[in-house]
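Working through the structure, step by step
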Amino acid sequence: MSRDINSKFWDEELETLPREELEKRQLEDLKEIVKFAYDNAPYYKRSFDEVGVKPEDIKTLKDIQKFPFINKKTQRDTQGVGSFLGELAAVPEEDVVFISTSSGSTGVPTMSPFTKKDFDEFQDTESRWFWQIGMRPNDRYVHALNFSLYVGGPDVIGAQNLGALCIWGGTLPSERLLFILKTYKPTIIWTSPSYAWQLGEKALKAGYDPKKDFNIKKIIVAGELGGSIDATRKAIEEIWGAEVFDFYGLSDIFGACAAQCEYHDGLHIAENHILVETIDIHTGEVLEPGQTGELVFTTLRKHARPLIRFKTGDIGRIDTTKCKCGRTHGRISILGRKDDMFIVSAVNVFPSDIEAVIREQSDLTGEYLIRIFEKDFTSKYAVEIEKATGVDKDDDTVAAEVSAALKARIGVKPAKVIVHPDGGLNTRSEHKSRRVIYERNIDYNI
Ligand SMILES: [Zn+2]
């Protein structure tokens, strides 16, 4: 396929559809997929019947609110039941060409099946995101994501279909990856934000200047929140002299369901594929666009395993106003995982709020650990940080400054700030870093 490389859109008509037209298409697809799910997936037949709703009840997009929610547990409980693909699947196994599975880090892995058409539309969506951040056929692209079972692995096909020269990097040891960056001079790389940052630091320590010795112009990050935290994004941009774009994916849907554009003001979500609702985290009540709550997605076009009102566990909001880039698809902002949110003195705190503060402090390396614990029947949090090499303030001063900055941003000061030397925290992993720890027994002497 040849496209005008000067066009800023992968699919201009789709990406700039007037809102009314976009919603009209959503409604057509919603009616079709709900009926398809009801007719073919045993779970939906049963759960719709139980609450007395029928596919024909959908006359407007809002009618989806009459239907029951599903969540990760529904997936776990129904997979393998009745057939290999389970009761949420709506096609026979012979129609399925690919399954990805979730990492299982928080329970039994769940699998996500794709028909050939699902998979092709998945890749077309990925091409759209790559084009949106400026990837063109003359780019060299390193896909430095896990290929094993993970839904983000195949996204490289989207870059290849766009015409870029693709290097299937996977999770290479950093020395080899740096060698590739040095010798092949790729222009775009995708990895996790923590790894993008650590790789930059490793490059500096190995004697490279990431700005001069490599040719990286754009870095895609996903899998953690850093890419949407301005201070983290800027820290990565500074090391590499490259522009950082945040992507958001769900193992249950696509490797990337949403992506930033050049304005970095939220992530455009593929609303032709996903109907977004936001619900109150306590009551389940549906909120208006712009309000913050748990994001609930209905997949509009995935036939292998339709997701009708899937509670993602992610807290965020959607802005449905037109973006400065001209795209009309809404922009989501993710604040954090519902499971990661903790409450201190009646304030909802997300680890991402803490990260933003830590990464803004020039005296720190940016590495951190958050410990949440109970004392005197009250939830408290402590933060461990690393003082950067060469900072001549004493640890107490650094701790006091961090504590004051956290209090100013979050409203609640940490029970304790523990200062380690550079490298003193063992948080530099090559995969997703676990930075929030719940402690049952802790003695901080406070
Ligand atoms: Zn935009």
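This one's a predicted model, so the numbers in the text were calculated from it and none came from an experiment.

1. Quick look at the environment of valine 357
Position of valine 357 relative to the elements: it lies in helix α10 (residues 351-360). Put simply, valine 357 and isoleucine 229 are 128 residues apart on the chain and 9.8 Å apart in space, counted from C-alpha to C-alpha. Not counting residues up to four positions away in its chain, the partners in contact with valine 357 are Ala405, Leu406 and Arg409.

2. Quick look at the coordination of the zinc ion
On the protein side, the zinc ion has Cys261 (SG), His268 (NE2), Cys323 (SG) and Cys325 (SG) as donor atoms, found 2.1 to 2.3 Å from it. Each of the 4 donor atoms around the zinc ion contributes to a set of angles spanning 102 to 116 degrees, which defines the coordination as tetrahedral. Mapped onto the sequence, the residues coordinating the zinc ion show the spacing C-x6-H-x54-C-x1-C. Of this pair, histidine 268 sits in strand β9 (residues 267-269) while cysteine 325 sits in the loop between β12 (310-319) and β13 (331-337), and the two are 57 residues apart along the sequence. The same class applies to histidine 268 and to cysteine 325, which are both buried.

3. Structural notes on the layout of surface pockets
As a volume, the second largest pocket reaches approximately 540 Å³. Around the second largest pocket sit 24 residues that line it, and Ser228, Arg317, Ser333, Ile334 and Leu335 are the ones nearest its centre. Broken down by secondary-structure element, the contributors of at least two residues to the lining of the second largest pocket are α9 (230-240), β12, β13 and α10. For the lining of the second largest pocket, the leading source of residues is β13, giving 5 residues. Residue composition of the lining of the second largest pocket, by class: 9 nonpolar, 6 polar and 9 charged.

4. Focus: the sheet that holds strand β3 (residues 140-143)
Adjacent strands of a sheet pair through backbone hydrogen bonds, lying either parallel or antiparallel. The 11 strands are arranged β4-β3-β5-β6-β7-β8-β9-β13-β12-β11-β10 in an open sheet whose pairing can be described as mixed. Of all strands in the sheet, those with a lone pairing partner are β4 (165-167) and β10 (274-279), marking the two edges. As defined by bridge partners, β12 adjoins β13 across 6 bridges and the pair is classed as antiparallel. Its bridge partner being in β13, glycine 316 is matched across the sheet by isoleucine 334. Packed on one face of the sheet, α9 meets β6 (218-221) and β7 (243-248) and runs near 135 degrees to β7.

5. Brief notes about the pattern of salt bridges
The tally for this structure, following the rule as stated, stands at 32 salt bridges. For glutamate 277, the salt bridge goes to arginine 309, with nearest N and O atoms at 2.8 Å. With glutamate 277 in strand β10 and arginine 309 in the loop between β11 (293-299) and β12, this pair connects stretches of sequence that are 32 residues apart. Accessibility assignment for this pair places glutamate 277 and arginine 309 in one class, buried. Look at the salt bridges and you will find they share partners, linking Asp29, Lys117, Glu121 and Arg301 into a network.

How each quantity is defined
Residues numbered from 1 in each chain as written. Predicted model: local features only at pLDDT ≥ 70, side-chain atom pairs only at ≥ 80, totals over all residues. Heavy atoms only, no water. Helix = DSSP H or I, 4+ residues; strand = E, 2+ residues; numbered from the N terminus. Contact = heavy atoms within 4.5 Å. Donors = N, O, S within 2.8 Å, 3.2 Å for Na, K, Ca; no water. Tetrahedral: all angles 85-135°; square planar, octahedral: opposite > 155°, others 65-115°. Buried < 20%, exposed > 50% of the residue type's maximum accessible area, 1.4 Å probe, protein only. 1 Å grid on protein atoms, 1.4 Å probe; cavity = no way out; pocket = protein on both sides within 12 Å on 5 of 7 lines; lining within 4 Å. Points joined across faces, edges and corners; volume = space filled by probe spheres on them. Nonpolar A, V, L, I, M, F, W, Y, C, P; charged D, E, K, R; others polar. Pairing = 2+ DSSP bridges. Axes fitted to C-alpha atoms, helices over the stretch in contact; angles between N-to-C directions. Salt bridge = Lys/Arg side-chain N within 4 Å of Asp/Glu carboxyl O.

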